[in-house]
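Examining the three-dimensional arrangement
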Amino acid sequence: MKRLIVAVLLVAALAAAGCAKKQAELPAVEGSAAPDFTLKDLSGKPVQLSALKGKLVLVNFWATWCPPCREEIPSMVKLNQAMQGKNFQMLAISIDEGGKGAVEDFFKRGGVTLPALLDTDGQVSRRYGTTGVPETFVVDPKGIIRKKVVGGLDWSHPEVIQALQELMTAK
């Protein structure tokens, strides 16, 4: 009888561990807490999402080889400029396997200045459940994903900027 109880408890513990792991691997969705991550920026400095709590954060997954991403970048630069000095942080996360060199070369050729992070092994993009690029998550000051955008968007459009400003002050 003791062996049966031990076996049942062992099976239950393994099943519970398996369920917990599957829950942790669910993709990021609107209304849920944004998965925390730490990635290095182009200067090698680590940036942690949870350290930005209290700010509205635009988490954008992109790549230099992606035509819709290249079309979207100028509007992201304009948005970043429009939001300077506000409770806002943009994180342009490159999934380029070429890493820092590919991003720096792209930025230099295009005259682009954005806060870029490197996800060359794809761990963070997988954690967010991205299906391609560009894909963007708008994370509110409390760390909750308020909007997921699949595909390119004109981030500098006045209505988009207004909506983001409203999210910065929403309670």
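To start, this report covers the structure provided alongside it.

Conventions adopted
- Residues numbered from 1 in each chain as written.
- Predicted model: local features only at pLDDT ≥ 70, side-chain atom pairs only at ≥ 80, totals over all residues.
- Heavy atoms only, no water.
- Helix = DSSP H or I, 4+ residues; strand = E, 2+ residues; numbered from the N terminus.
- Core = buried A, V, L, I, M, F, W, Y, C linked by side-chain atoms within 4.5 Å.
- Buried < 20%, exposed > 50% of the residue type's maximum accessible area, 1.4 Å probe, protein only.
- Contact = heavy atoms within 4.5 Å.
- Pairing = 2+ DSSP bridges.
- Salt bridge = Lys/Arg side-chain N within 4 Å of Asp/Glu carboxyl O.

**Considering the environment of Val29**
You can see Val29 is positioned in the loop between helix H1 (2-24) and strand E1 (38-41). Taking the C-alpha atoms as reference, Val29 lies 7.2 Å from Lys148; in sequence the two are 119 residues apart.

**So, the nonpolar core**
Within the largest apolar cluster, 48 residues are counted, with the highest numbers of intra-cluster contacts made by Phe37, Val59, Leu79, Phe107, Leu114, Tyr128 and Trp155. Breaking this core down by element, the ones donating at least two residues are strand E3 (56-62), helix H2 (67-82), strand E4 (88-94), helix H3 (99-110), strand E5 (116-118), strand E6 (135-139), strand E7 (145-150) and helix H5 (158-169). Those residues in contact with Phe37 that lie beyond four places of it in its chain are Val47, Gln48, Leu49, Val59, Leu91, Ile93, Leu117, Val124, Arg127 and Tyr128.

**A word on the pairing of E1**
Direction of pairing for E1 relative to strand E2 (residues 46-48): antiparallel, over a ladder of three bridges. Its bridge partner lying in E2, Thr38 is registered against Gln48. Here E1 folds back onto E2, and the loop between the two strands holds four residues, one of which, Gly44, carries a positive phi near 90 degrees.

**A word on the pattern of salt bridges**
By the definition in use, this model includes three salt bridges. The shortest N-O distance in the salt bridge between Lys148 and Glu135 comes to 3.4 Å. One end of the pair, Lys148, is in strand E7; the other, Glu135, is in strand E6, and 13 residues separate them in sequence. Looking at Glu135, the relative accessible area reads 0%, which means it is buried. Among the salt bridges present, the one from Asp140 reaches Arg146, with a minimum N-O distance of 2.8 Å. For Arg146, a relative accessible area of 39% gives the class partly exposed.

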